[in-house]
Amino acid sequence: MICDCHVNIWNDAHVKPSFAAQLGRVRSGQFGYKADADTLYQAMASVDRAIIFALRYGDSIGIESDDETTAAAVRKYPGKFVGFAYVDPRRADALSLLRHAVEDLGLRGVKYGPIYNGVPLEDPRMVPIYNYCMANDLPLTMHMGTTYTRDSPIDLGRPIHVEPIARKYPRLKLIMAHMGHPWCEEAIVVIRKQPNVYGEISALFYRPWQFYNMLVAVQEYKVTDKIFFGTDFPFSSVEESIKGLRAINHLVEGTKLPVISPASIDAILHSNPFEHWWHRPPTLAS
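First, a word on scope: everything that follows refers to the structure included in this document.

How each quantity is defined
Residues numbered from 1 in each chain as written. Predicted model: local features only at pLDDT ≥ 70, side-chain atom pairs only at ≥ 80, totals over all residues. Heavy atoms only, no water. Phe/Tyr/Trp six-rings, centres within 6.5 Å; stacked < 30°, edge-to-face > 60°. Buried < 20%, exposed > 50% of the residue type's maximum accessible area, 1.4 Å probe, protein only. Helix = DSSP H or I, 4+ residues; strand = E, 2+ residues; numbered from the N terminus. Pairing = 2+ DSSP bridges. Contact = heavy atoms within 4.5 Å. Axes fitted to C-alpha atoms, helices over the stretch in contact; angles between N-to-C directions. Core = buried A, V, L, I, M, F, W, Y, C linked by side-chain atoms within 4.5 Å. Polar contact = N/O pair within 3.5 Å; in protein donor to acceptor, adjacent residues only side chain to side chain. Salt bridge = Lys/Arg side-chain N within 4 Å of Asp/Glu carboxyl O. Arc of directions from axis to C-beta. Right-handed = clockwise from strand over helix to strand, strands pointing away.

Brief notes about the packing of aromatic side chains
Here comes step 1: Evaluated as defined, the whole model comprises twelve aromatic pairs.
Here comes step 2: Each ring, one from Tyr 77 and one from Phe 81, has its centre 5.8 Å from the other, and the planes form 85 degrees; the classification is edge-to-face. Across the pair, Phe 81 and Tyr 77 agree in class, each one buried.
Here comes step 3: Summarising the aromatic geometry, the rings of Phe 205 and Tyr 206 are spaced 5.4 Å apart at their centres and angled 80 degrees between planes, so their arrangement reads as edge-to-face.
Here comes step 4: Overall, Phe 205 belongs to the buried group, its relative accessible area being 13%.
Here comes step 5: Of the aromatic side chains, those joined through ring pairs into one cluster are Phe 53, Phe 84, Tyr 198, Phe 228, Phe 274, Trp 277 and Trp 278.

Focus on the pairing of strand 1 (residues 3-8)
Here comes step 1: The element strand 1 is extensively covered by neighbouring structure, given that six of its six residues are classed as buried.
Here comes step 2: The pairing of strand 1 with strand 2 (residues 49-53) spans four bridges and is parallel. Within strand 2, the residue paired with Val 7 across the bridge is Ile 52.

A few points about the sheet that holds strand 9 (residues 197-200)
Here comes step 1: An order of 1-2-5-6-7-8-9-10 is seen for the eight strands of this open sheet, with the pairing classed as parallel. Looking at strand neighbours, the two that pair on one side only are strand 1 and strand 10 (227-228), the edges of this open sheet.
Here comes step 2: Along the sheet face, helix 3 (residues 67-76) touches strand 2 and strand 5 (81-86) and points at about 170 degrees away from the line of strand 5.

Observations regarding the nonpolar core
Here comes step 1: Of all hydrophobic cores here, the largest spans 89 residues; its most connected members are Met 179, Ile 201 and Met 214.
Here comes step 2: For this core, the element with the most residues is helix 9 (residues 208-220), which contributes seven residues.
Here comes step 3: The next biggest cluster of nonpolar side chains, apart from the first, holds twelve residues, and it includes Ile 51, Phe 53, Phe 84 and Ile 175.

Remarks on helix 3
Because an α-helix completes one turn every 3.6 residues, residues spaced three or four positions apart along the sequence face the same direction.
Here comes step 1: Regarding helix 3, the residues found buried are Asp 67, Thr 69, Thr 70, Ala 71, Ala 73 and Val 74.
Here comes step 2: Of the surrounding elements, those touching the buried residues of helix 3 are helix 2 (37-43), strand 2, strand 3 (56-57), strand 5 and helix 4 (94-104).
Here comes step 3: By the N-cap criterion, in which a side-chain oxygen at the helix start approaches the backbone nitrogen of a residue two or three places on, helix 3 is capped by Asp 66, the distance to Glu 68 being 3.3 Å.

Looking at the pattern of salt bridges
Here comes step 1: Tallying each qualifying case throughout the model produces nine salt bridges.
Here comes step 2: Across the salt bridge formed by Asp 38 and Lys 76, the nearest N and O atoms sit 2.8 Å from each other. One end of the pair, Asp 38, is in helix 2; the other, Lys 76, is in helix 3, and 38 residues separate them in sequence.
Here comes step 3: Residue Lys 193 pairs with Glu 163 through a salt bridge whose shortest N-O separation is 2.7 Å. Taken together, the residues Lys 193 in helix 8 (residues 184-193) and Glu 163 in helix 7 (residues 162-168) connect sequence positions 30 residues apart.
Here comes step 4: Assessed through its relative accessible area of 53%, Lys 193 is described here as exposed.

Section: the environment of Pro 182
Here comes step 1: Along the chain, Pro 182 turns up in the loop between strand 8 (174-177) and helix 8.
Here comes step 2: Between the C-alpha atom of Pro 182 and that of Leu 204, which follows or precedes it by 22 residues, the distance is 9.6 Å.
Here comes step 3: Every residue in contact with Pro 182, bar those within four places of it in the chain, is listed here: Thr 146 and Gln 210.

Description of the environment of Thr 70
Here comes step 1: Following the sequence through the fold, Thr 70 ends up in helix 3.
Here comes step 2: Since its relative accessible area comes to 0%, Thr 70 is described here as buried.
Here comes step 3: Separated by 17 residues in the primary sequence, Thr 70 and Phe 53 place their C-alpha atoms 5.9 Å from one another.

Quick look at helix 4
Here comes step 1: Of the residues making up helix 4, those classed as buried are Ala 94, Leu 98, Ala 101 and Val 102. Seen end-on, helix 4 carries its buried residues on one side only, within an arc spanning 85 degrees.
Here comes step 2: Looking at the buried positions of helix 4, the neighbouring elements they touch are helix 3, strand 5, strand 6 (109-112) and helix 6 (127-135).
Here comes step 3: Looking one or two places after helix 4, you find Gly 106, whose phi comes out positive at around 80 degrees.

Some remarks on the pairing of strand 5
Here comes step 1: Counting buried residues in strand 5 gives six out of six residues, a clear majority hidden from the surface.
Here comes step 2: Of the two faces of strand 5, both are covered, the one formed by Phe 81, Gly 83 and Ala 85 as well as the one formed by Val 82, Phe 84 and Tyr 86.
Here comes step 3: Of the strand pairs in this sheet, strand 2 and strand 5 are connected by four bridges, and their pairing is parallel. Counterpart to Ile 51 in the pairing with strand 5 is Val 82.
Here comes step 4: With three bridges connecting them, strand 5 and strand 6 associate as parallel partners. Counterpart to Phe 84 in the pairing with strand 6 is Gly 109.
Here comes step 5: In this view, the connection linking strand 5 to its parallel neighbour strand 6 by way of helix 4 has right-handed handedness.

Everything listed here is a matter of coordinates, which is why it stays silent on function.
Structure below.
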């Protein structure tokens, strides 16, 4: 099984001019801007399942999507997609929107980007979100790490801020997207310490030296079983993400530097978040 646990969805109408204006700082190489349901389905042809979520980053990245778009994609392609809600705790109706997304639209997890919405993980506005997630068996994927947008406070992306939340809410499944880059080792030590914290490698392969060092640390700290595969589509594709993972040892060929074992690579590529994050995992018809 291959599951892409980090796929963004939006329609053209959700994209603001500020999105394209900032993209030159994202990464080297070409990538598309389209992320509608049909585009995602085609892009995810080589994976078994994909976890998709909207972004409410209108005032930072320039994407303001919604949970209805996510739910419509899941209805259209139920054997491929599992939908997460997006929560913006700045909104007075954040909890009501989350209830609607889960109880009416059938979404199975939650996405949140503290660095993009400017609300720290320990902010009191997050407490009802955490409690609702625990009560309804909803994993919470968090954008952890830096970003390219000027007005996003970097400190809010530090993985160290996840540990107090993990300790306070031990039944809450917390997933650090992007391994908290560039603070990857900080993320890894939190993942090792806290049973309810996980990581995923989306959008890291195109910084190969950072990616290599992160994978070495994952292997040496023995947390490979808690790390999952993801792409951050459309910012990177399934094919190049798999290639980047499988080819990582090319970077150190002919040296005495550590290599990433085939077992570690396969464990991440074929990781199954459904076995870890839910008491009752989504089915193919969900």
